[in-house]
Structures are given as structure tokens and as C-alpha cells.
Amino acid sequence: ADWDEALREKAKQSIKARLAELGRDWDAELQATREAADWDEALREATDPDVALPEYYTASFHSYPLGNLEWDAAHEAPLAAVAVHAPVFNGEAGDKRLDAQGDARLRASYHEALAALLPEGADGDLKRVVDLGSSVGLSTAALARAFPLCKELIGAELSPYMLAVARQRLQAGVDSDAFAGRAVTYAHAAAEDLRQLEDGSVDLVSACLLFHELPADVAARVIQEAARVLRPGGFFAMMDMDPSTPAFRRIAENPFAYTAFKSTEPYLDQYACVKFAEVIERAGLASPQQRSNSPRHRTIVAMKTEQQYEKVTGCTSARTKTALRLRWGRPNNHHVEEKQPQAHPDAALGEALAVPSAKRPVLGAADLVVRWPPARLARRGPRPLDAVDERLRVRYPQLL
């Protein structure tokens, strides 16, 4: 315990020294934040008594003994982000240069990679966006800047301390340029339990630098929950460290450096072993694609198609059925099939899969198609057969 505490303190002093090299005064800026609000009242307003804190979240994170559940972690988060990410774009070993805009560049690189992995024109359909693990709102503001056509942003954050700071920054007009004309909400919620959101109600679920802070089983549940709230044709996106990069491997192969790193990131070993493409597909999302966005980070994007989601979970969303009905009317060539529930490896879905799905009319394979991934994805789901390649025909279930 004493050794871990010493490592955490060393990491904290290193971050403060790095910020000083960038010409910023840690202590003065931190004091200004502490005096900016009645934080006790802000905490009471931010805390939802119905939200339980899971055991994994009570671990020490980021040099803070109480992790994200203390004021120092929340008040220092904007300063720490600048300091920690200042050297992110130094790709070579021994490169000690610091960039005061490294944090902003990292977030921008994520959204550039995300946009590159989206089908052409899809960004215009992203009207309602959820930011998982939104912390003090830095990632939410970056999302708002990246997607100017977005109308509503919802930040989901489990720490009421972080949430209180995010709401104070919003009220104070910090990042007002990004949020102007948008509906912005910060909700007290675990990323694996978005009970405030209905099935199929979101266009994009984003997780920026979240998954390395989660145990592997929780990461799987988070992605399952993202799949639930996404509309068919919506997207899941994540950006986090890439264990396959030379920069990450240099740290992993240095016992002292890696031990110090793990003292601030308790679930790092589990994160490095997660096969995200497999986890994403098991959650009911299709064709995850990956792209590097920094010498140390990767972006992964996947789409929710009704076929993949129903195949895995046995659930068909009423929202999709209604949309199909309005768009296509009653098909003349439908027939009735009994679809049996399929076994699923994740116990969390067992209860849902125990109920056989209803009989449903199914459109003929020649009527509808869903195309993913080629670059020119048919926007917002199915299109007439002559609009896309005949090879990509699929049968699309519909209840009338």
C-alpha cells in the first residue's frame, strides 16, 4: 500500500511539473475552480440516490485514493487532461517535447477518425448523441464541435463529483461556442445502465478514453447497453489506448514504468486483453472498423443493424418496425416464420433470450437490403434492391 501511494504521489507531481513546463499554474487555477461554486450544494444536486456505485468504481484511479469519487479528481480533471496528453503525438522513444494543445488535438483526431469511418453523409443524421463517461464535459464539448448538426448531447457520468463540475462549467458558459443552440444534459448514470434512455432512441454513442478504466466484464456490458439505446442505423464509437502500438509496448516492456502506470490505472491489464471486435459483434453491432488516431490511440466504429442485433439478442425494436411500416407499407410477398431464440454467451442477456420471439411476417429477400460496411452505406437503413449491389440482399424482419 505504501509503495502504491508513493507511485501515485510521484505521478501526481510529474503531472504538475509538466503543466508548469507548459506555462500553466496548477495551484492558482485549481484554487480558482474551488472558489467557483458552492460545491457541496452542487454535489447534492448532481447525485441521483437511485444510482448505485458498483464495486469496481470505488478503486483508486489517476493518483487519487478515492478515484473519481473526490473533489480533487473532479477539480483537477481539466488541468490533468492538458498535462497528460501534452506528449501524446510524440511518436519516437525519448521525444520529450510537450504540446499545450495535445489534449485538444487528441480529441480532434478521434473525431476525424470517427468521421472517416462513418459512411458518406452519415454525420448529418447524428442528431442525438450520448457521451459515455463524460467526466467534466471536455469530451462532450469536443463532440459538439465535431458534429455541428447534432441537436442534443447527453453526457452520462457515474461520478457525481465530475458531474457537478460538468454542470457548473455548462452554467458558467465554458465551451459556450460548442454548445450554442444545442440541448445539453449531464445525467448521473453508469455507462452500463442507461435506464434514462429508451431502446433505439440515440444516433451515436461515443466513449472517449473510457474503456481502459473498466474491468473486462463491465466493458462488455457497456457495449451491450450502447447497442440497446442505439437506433438501427446508429453508430457506436470508442477511442482509447492502442496496446499494439510501439509507444504502448515501450511502457509495457519497462517493468518500472508499467508498474507506475498501473498504479493509476487498475484495470489496464484487463483492457489490454479485450478483443473489442468480438465483444462489439456479440453485443449486436455490425462490422467494427478500427483506425489509428495518434501514435498511442485507436478509434473503433460499428453500426447497429437490426439483423445483427436481433440475431444476437432475439429482440426486434418496435421503433424499427414502425419505421419500416411507414416507409414500405404492407408487403405482398410476406410469409410467417417462427424465429427461435439463440444461445448467447453473455449471461446478462439470458433472461431476455428465455422468451421466444413472436411470429412475424418477413419481407422477401429481394425487397430490402442493408449494406455495411462499404464506404457508401445506404443511409438510415434499407433501400430498394436497385439502389445497391444485389450481392448484399438480406432478409429484413418486420411485424405489421
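Analysis parameters
Residues numbered from 1 in each chain as written. Predicted model: local features only at pLDDT ≥ 70, side-chain atom pairs only at ≥ 80, totals over all residues. Heavy atoms only, no water. Helix = DSSP H or I, 4+ residues; strand = E, 2+ residues; numbered from the N terminus. Expected span 1.5 Å × (residues − 1). Buried < 20%, exposed > 50% of the residue type's maximum accessible area, 1.4 Å probe, protein only. Arc of directions from axis to C-beta. Contact = heavy atoms within 4.5 Å. Pairing = 2+ DSSP bridges. Axes fitted to C-alpha atoms, helices over the stretch in contact; angles between N-to-C directions.

(A) Just helix H1 (residues 2-21), in detail. With 20 residues, H1 should reach 28 Å at 1.5 Å per residue; the first-to-last C-alpha distance of 29 Å fits that figure. Leu7, Arg8, Lys12, Ile15 and Leu19 are the residues of H1 that are buried. Taken around the axis of H1, the buried residues stretch over an arc of 135 degrees, which confines them to a single face. Seen from the buried face of H1, the exposed residues on the opposite side, beyond 90 degrees, are Asp2, Trp3, Lys10 and Glu21. Those residues of H1 that are buried are in contact with helix H2 (26-34), helix H4 (71-84) and helix H11 (255-264).

(B) Molecular detail of the sheet that holds strand S5 (residues 230-241). Taken in spatial order, the 7 strands of this open sheet run S3-S2-S1-S4-S5-S7-S6, and their pairing is mixed. Both outer strands of the open sheet, strand S3 (183-188) and strand S6 (286-292), are each paired with one neighbouring strand and no more. Each strand of the sheet is rotated relative to its neighbour by a mean of 15 degrees, with strand direction disregarded. As judged from the 6 bridges shared by strand S2 (residues 152-157) and S3, these two strands associate in the parallel manner. Looking across to S3, one finds that Ile154 is bridged to Thr185. In the packing of helix H7 (residues 160-171) onto the sheet, the strands contacted are S2 and S3, and the crossing angle to S3 comes to about 160 degrees. The sheet contacts of helix H9 (residues 216-229) involve strand S1 (128-132), strand S4 (202-208) and S5, and relative to S5 the element is tilted by about 150 degrees.

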